[in-house]
Number of protein chains: 2
Amino acid sequence: MSTSIETIVLALKEFLEDDQVSVNQTIRELHGRDESYHDISLPDIVVFPRKNSEVSNIMKVANDLKIPVVPFGRGSSLEGHIIPYDKGITIDFSLMDKIIEVREKDLLVKVQPGVTRTQLNKELKKYGLFFSVDPGADATLGGMAATNASGTTTVKYGVMRDQVRDLEVVLADGTIIHTGNLAAKSSSGYHLNGLFVGSEGTLGCFTELTLKVYGIPEFTTAARAVFPTVQNAVEAVTSILQAGIPIARVELVDEESIRQVNHFSDTNYAERPTLFLEFDGNESGLQQDVEFTKEIMEDHGCEEIQFETDNTARTKLWDARHNLAYAYIHGNVGKKMMVTDVCVPISELAGAVTFARKELEAIGLTGGVVGHVGDGNFHALLMIDMNSPEEVAKADAFNEKIVHYALERDGTCTGEHGVGVGKQKYQAAEHGEALHVMEKIKLALDPNNILNPNKIVKIESLGE
Amino acid sequence: MSTSIETIVLALKEFLEDDQVSVNQTIRELHGRDESYHDISLPDIVVFPRKNSEVSNIMKVANDLKIPVVPFGRGSSLEGHIIPYDKGITIDFSLMDKIIEVREKDLLVKVQPGVTRTQLNKELKKYGLFFSVDPGADATLGGMAATNASGTTTVKYGVMRDQVRDLEVVLADGTIIHTGNLAAKSSSGYHLNGLFVGSEGTLGCFTELTLKVYGIPEFTTAARAVFPTVQNAVEAVTSILQAGIPIARVELVDEESIRQVNHFSDTNYAERPTLFLEFDGNESGLQQDVEFTKEIMEDHGCEEIQFETDNTARTKLWDARHNLAYAYIHGNVGKKMMVTDVCVPISELAGAVTFARKELEAIGLTGGVVGHVGDGNFHALLMIDMNSPEEVAKADAFNEKIVHYALERDGTCTGEHGVGVGKQKYQAAEHGEALHVMEKIKLALDPNNILNPNKIVKIESLGE
């Protein structure tokens with residue numbers, strides 16, 4: 001970057017107010033880290049646009065001057081996506097946080113990228129509607145679209161990509177496009193919705209999202225089911241899915257993680273491999289699904305099932321599950337968390353989780369296995385002392401083993417956290433020749449490689 | 001194309017058997033038309049590969065010599081997708097028709113592109129499974145993926161793109177890639193699955209597909225519900241969807257179309273606007289859904305409901321619906337069918353269908369309105385005498401009016417038939433600046449513009 005920061009700031013202030021452009025150290029530090037263990041790096045400038053035309057002008061300045069740009073939501077990413085290792089400009093979307101329109105009849109909502117999922121759900125509740133994707137963190141919807149986030153409800157409602165009808169995107173050169181429309185399906189043109197969702201800020205900045213929402217189900221029941229081993233629990237899930245039961249959530253929490261939960265959330269759950277489940281639907285259908293699920297789980301050695309139909313008990317159960325990562329962090333002060341994120345075909349899940357548990361015990365670090373087992377996606381959580389090169393090396397080697405185990409079985413290195421910088425070293429192994437297709441698309445749409453450079457794909461040289 | 005056909009044939013016969021390469025007039029004619037009214041144009045050469053390496057070699061020859069290539073399944077497309085207007089080589093995938101693997105536990109199946117959907121469903125039945133996408137025609141799965149096909153079951157199970165876990169694709173230069181993996185979800189890299197599905201042969205040739213399949217539901221009930229007006233019927237559907245009832249199919253058939261059905265399928269249905277519906281699921285849940293749906297339909301003036309629970313009656317009902325296009329063709333010998341295919345947000349559907357009905361009556365050609373109304377997608381079927389310039393002009397103007405009505409309401413010009421050549425003139429109006437993004441992607445992946453050239457995007461000049 002040959003242009004001075006002062007020059008860039010001046011160019012930005014041509015169309016932004018003074019308080020929309022910051023070079024303040026504290027502000028820059030807030031934009032130099034995410035929630036992961038990845039190294040910190042500060043942007044030179046942080047900007048706070050209020051509308052798409054400002055984002056377009058920011059991109060024009062950046063493209064003309066070849067300045068790297070990183071779009072930023074809440075910084076809750078887990079693989080360093082929003083850390084500006086090449087410095088430059090971070091675009092913070094917190095001022096673009098309006099819910100533009102709830103289209104009740106169409107089961108659609110139009111939002112700005114800085115709206116968070118709890119903010120949206122609070123508004124939707126007034127209409128008897130809800131937004132389904134729940135990654136745990138209260139991320140922004142722009143950020144969730146950028147990483148193709150998913151979570152506990154994905155087994156029934158799908159990932160972020162499944163919810164996106166349309167995106168307004170500002171491209172590298174400042175052009176504003178729409179990637180879709182408001183119809184429920186389309187066979188018109190290439191599927192740009194799908195391409196931009198999960199592009200992690202490397203192809204454009206989202207300035208508006210139109211998302212699917214759902215009616216709040218008539219009935220919801222949650223349950224906690226205890227198993228003798230992780231393998232029994234996972235095999236029960238496989239059988240439930242094969243039976244075609246439309247389960248709304250099914251989460252595995254292993255013994256060590258239940259221990260952390262009990263400690264942090266003041267619960268008294270049996271410290272054994274456990275499934276947290278949820279069913280929703282109409283009353284009679286749900287009852288039949290629940291009965292069938294109970295039978296299947298008992299066939300797989302389930303030792304105890306506790307159902308929770310009232311709202312408070314259900315909320316407590318899911319809060320306990322969602323606070324799990326914080327429980328580990330809280331219980332291991334001074335350590336950082338590394339989270340693996342592979343996803344495997346469901347037939348390979350029991351083997352993969354058993355393998356992860358065994359490897360976890362072998363390295364002797366505090367950690368546990370939890371997962372969205374209905375999708376074949378699980379996380380091994382590992383607490384590491386970043387000042388101990390030995391612990392860091394052990395954790396890295398562990399992550400690598402888990403990833404290769406998944407890739408050898410036609411799985412993926414990341415089920416929901418995304419590539420960022422953490423999963424970049426596995427992209428060639430996972431995608432093979434297809435990685436070159438991704439590189440070509442990146443270069444075609446961002447020829448100066450300014451949009452979140454070196455995330456997902458690494459453009460080695462621009463031949464200049 | 002400066003190379004002689006003889007030279008190309010010789011190059012192809014370096015790695016293909018004699019009977020895999022044809023310049024026979026009859027064979028070429030079979031590959032020069034689809035099921036639509038679009039003009040005929042013959043390929044120079046038709047090839048019949050047996051495996052991916054042969055497809056790769058064909059692409060290398062074509063790319064070196066800059067020969068256009070069109071991938072071909074069964075020729076059941078409706079917008080001229082597979083008609084080789086630039087001549088060249090047509091790759092017929094009928095010899096690549098193996099079901100490679102049924103992964104029962106993973107609810108996945110791996111197939112070659114020439115497998116048809118009824119062939120697949122026949123095999124899957126042995127496992128208690130089914131493949132959900134049903135466009136009516138017995139298309140190949142490769143073709144269905146190429147156009148992002150959908151149909152009657154999409155309201156519950158989704159479009160073709162939702163079923164694709166992985167594609168093996170041969171690119172323009174012969175490189176073989178995989179676009180996905182076998183895990184239920186992934187946030188790794190750009191979403192190439194989504195990009196290649198619906199690319200209509202313009203980005204690559206599919207040589208293998210891994211698709212989601214489902215367990216055959218415990219219970220299925222079909223129904224036929226008669227309404228006083230099309231508007232009443234559509235409004236009933238909107239209410240059913242808003243109530244969150246997971247209906248498996250919901251099809252609108254207007255009066256004229258019921259008349260054609262009765263004539264062709266020897267049924268005796270009331271010749272009034274009608275909904276064909278299907279529900280599936282567990283017995284008690286389904287019963288509750290059916291009761292609730294009945295109430296909603298009665299609130300919207302439903303005059304008669306006939307339920308069909310036994311298999312034969314259900315099959316008869318859906319056969320009648322699926323044979324509708326043939327009923328029109330059969331009943332109008334010497335005429336060709338034009339089918340509109342817009343999809344609108346569900347809140348705009350009643351207005352759009354009413355508008356289409358009114359316009360249809362105004363032009364005075366035989367035709368009717370049917371549709372996958374649960375998705376907001378409907379078809380106006382029009383029978384035209386292709387030798388009458390007046391009828392053709394009327395039909396074209398009608399199609400254009402319907403498309404613009406949809407685009408003005410944030411809909412799409414094609415819900416499921418695809419762009420081909422028929423919907424190309426609306427691409428700029430629908431996609432705006434995003435069309436240039438599509439052009440850039442096309443040129444990045446197929447720099448010589450040999451893959452199904454001038455379909456979806458028109459590359460005006462390659463600057464040579």
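Just so it is clear, the model here is predicted, and its values are computed rather than measured.

1. Overview of helix α4 (residues 117-125) of chain A
Residue and element names in this part refer to chain A.
And then number 1: All of the buried residues in α4 are R117, L120 and L124. Burial along α4 is one-sided: seen end-on, the buried residues are contained in an arc of 60°. For α4, the exposed residues lying more than 90 degrees away from the buried face are K122 and K125.
And then number 2: Lining the buried residues of α4 we find β5 (99-103), β6 (108-111), β7 (129-130) and α5 (141-146).

2. Focus on the pairing of strand β12 (residues 219-226) of chain B
Residues and elements named next belong to chain B.
And then number 1: Along β12, seven of the eight residues are buried, which leaves the element largely enclosed by surrounding structure.
And then number 2: The pairing of β12 with strand β14 (residues 274-281) spans eight bridges and is antiparallel. In the strand pairing of β14, A223 is matched with L277.
And then number 3: As defined by bridge partners, β12 adjoins strand β15 (residues 304-308) across five bridges and the pair is classed as antiparallel. By the bridge assignment for β15, V226 is matched with E304.

3. Thoughts on the side chain of D166 of chain A
Residue and element names in this part refer to chain A.
And then number 1: By the secondary structure assignment, D166 is in strand β8 (residues 164-170).
And then number 2: For the buried D166, no salt bridge is present, and the opposite-charge side chain at shortest range is K110, 6.0 Å distant.
And then number 3: One polar contact links the side chain of D166 to the main-chain amide nitrogen of G180, over a distance of 2.8 Å.
And then number 4: When neighbours within four sequence positions are excluded, D166 is seen to be in contact with H178, T179, G180, N181, L182, N193, E208, L209 and T210.

4. A word on the domain arrangement of chain A
All names here are of chain A.
And then number 1: According to the domain assignment, chain A contains domain 1 (5-94), domain 2 (99-215), domain 3 (219-320) and domain 4 (332-444).
And then number 2: Between the C-alpha centres of domain 1 and domain 2 there is a distance of 22 Å.
And then number 3: Contact with domain 1, which involves 14 residues of that partner, is made by 21 residues of domain 2.
And then number 4: Where domain 1 abuts domain 2, roughly 1400 Å² becomes buried across the two surfaces, and 66% of that area is made up of carbon and sulfur atoms.

5. Remarks on the packing of helix α17 (residues 434-445) of chain A against helix α17 (residues 434-445) of chain B
And then number 1: Packing of α17 of chain A against α17 of chain B brings their axes to within 9 Å, and their N-to-C directions diverge by 135°. Put simply, α17 of chain A runs oblique to α17 of chain B. The interaxial crossing formed by α17 of chain A with α17 of chain B has right-handed handedness. From α17 of chain A, V437, K440, A444 and L445 of chain A reach across to α17 of chain B, where they touch V437, K440, A444 and L445 of chain B.

6. Observations regarding the relation of the copies chain A and chain B
And then number 1: The operation relating chain A to chain B is a screw motion whose rotation component is 180°, with 0.0 Å of axial translation and a residual RMSD of 0.0 Å. This pairing of chains is accounted for by a two-fold axis. Of every C-alpha in chain A, the one belonging to G285 of chain A sits nearest the axis of rotation, 1.6 Å from it.
And then number 2: Interface residue correspondence from chain A to chain B reaches 100%, placing this contact among same-surface, isologous pairings.

About the thresholds
Residues numbered from 1 in each chain as written. Chains lettered and ligands numbered in written order. Predicted model: local features only at pLDDT ≥ 70, side-chain atom pairs only at ≥ 80, totals over all residues. Heavy atoms only, no water. Buried < 20%, exposed > 50% of the residue type's maximum accessible area, 1.4 Å probe, protein only. Helix = DSSP H or I, 4+ residues; strand = E, 2+ residues; numbered from the N terminus. Arc of directions from axis to C-beta. Contact = heavy atoms within 4.5 Å. Pairing = 2+ DSSP bridges. Lys, Arg positive; Asp, Glu negative; His and termini not counted. Salt bridge = Lys/Arg side-chain N within 4 Å of Asp/Glu carboxyl O. Polar contact = N/O pair within 3.5 Å; in protein donor to acceptor, adjacent residues only side chain to side chain. Domains from an automatic or database assignment. Buried area = accessible area lost by both parts, 1.4 Å probe. Axes fitted to C-alpha atoms, helices over the stretch in contact; angles between N-to-C directions. Parallel < 35°, antiparallel > 145°, perpendicular 65-115°, else oblique. Left-handed = near helix turned anticlockwise from the far one by under 90°. Least-squares fit on C-alpha atoms with pLDDT ≥ 70 in both.

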